[in-house]
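Listed below, chain by chain, are the residues.
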Amino acid sequence: MFDLIRAAPGVSPTSPSSGNVTTISAFGSGTNENQFLFDGTNFTCPCSGVARAEPGVDFIQEVHVQSVGASAEYGNMQGAVINVVTRQGGERLLFDSAYYAQAQGLTSRAATLPYPGASGSPSGYERTRYRDLTATLGGPVVRDRLWFFTGYQYLRDHDSQPGTDPARPRRYEQDKAFAKLTWRLTPSTRLEQS
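First things first, this report covers the structure right here in the doc. For clarity, every value in this text was computed on a predicted model and none was experimentally measured. (Residues numbered from 1 in each chain as written. Predicted model: local features only at pLDDT ≥ 70, side-chain atom pairs only at ≥ 80, totals over all residues. Heavy atoms only, no water.)

**Some points on the side chain of N34**
And step 1. Of note, N34 is situated in the loop between β2 (24–26) and β3 (35–38).
And step 2. A distance of 3.3 Å separates a polar atom in the side chain of N34 from the backbone oxygen of T31.
And step 3. Of the polar contacts made by the side chain of N34, one reaches the backbone nitrogen of A80; its length is 2.9 Å.
And step 4. Setting aside its immediate chain neighbours within four residues, N34 contacts I24, A26, S29, T44, G49, M77, G79 and A80. (Helix = DSSP H or I, 4+ residues; strand = E, 2+ residues; numbered from the N terminus. Polar contact = N/O pair within 3.5 Å; in protein donor to acceptor, adjacent residues only side chain to side chain. Contact = heavy atoms within 4.5 Å.)

In structure tokens:
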């Protein structure tokens, strides 16, 4: 989701590769002046302004970024208001899965820096492991009234930056699970639980 947010007009990443925490600035605002919404529910850390959750990319239906002129309903925000809308089930039972992998042989080593711990021998960017597997399932529980959506993501990303010991890569590992129920109470009222 952060790749989509960073591509929005007026949004600048302030920590583009900091692992699992990504901070942004919208039109020069402070990084703690943003509000992150997950299906309309606030999940912004009150101390630093970062998102406290990151749904798997295959669980996201759309991302709304209001980077300037947010309505007063969001409070005293001087940065962006980001609303992540997740997928929901429909009238047909649907399954989807995806698998991505990347090997070191397919990764560029454009820059090398001396690694101080190995008597100055150079080290470049090393991709030790990258595996990303997602599976989703959604459909009806009660026809025209109640739908479900569920998903799982297995992510393993191990790499080392230039100037660091390639034998000790940074490890970014996540197992993400998501479930959502959408219930039409009346023709104009809907209840969502995720």
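More follows now that the structure is in view.
**Let's talk about the packing of aromatic side chains**
And step 1. Taken as a whole, this structure holds six aromatic pairs when the rule is applied.
And step 2. Each ring, one from F38 and one from F43, has its centre 5.5 Å from the other, and the planes form 90°; the classification is edge-to-face. Take F38 and F43: they sit in the same class, and that class is buried.
And step 3. Between the aromatic rings of F38 and F178, the centroid separation amounts to 6.0 Å while the plane-to-plane angle is 70°, which identifies the pairing as edge-to-face. Remark: F178 occurs in strand β12 (residues 170–186) and F38 occurs in strand β3; sequence separation between them is 140 residues. For the residue pair F38 and F178, the accessibility class agrees, reading buried in each case.
And step 4. A network of ring pairs unites the aromatic residues F2, F36, F38, F43, F59, F149 and F178 as a single cluster. (Phe/Tyr/Trp six-rings, centres within 6.5 Å; stacked < 30°, edge-to-face > 60°. Buried < 20%, exposed > 50% of the residue type's maximum accessible area, 1.4 Å probe, protein only.)

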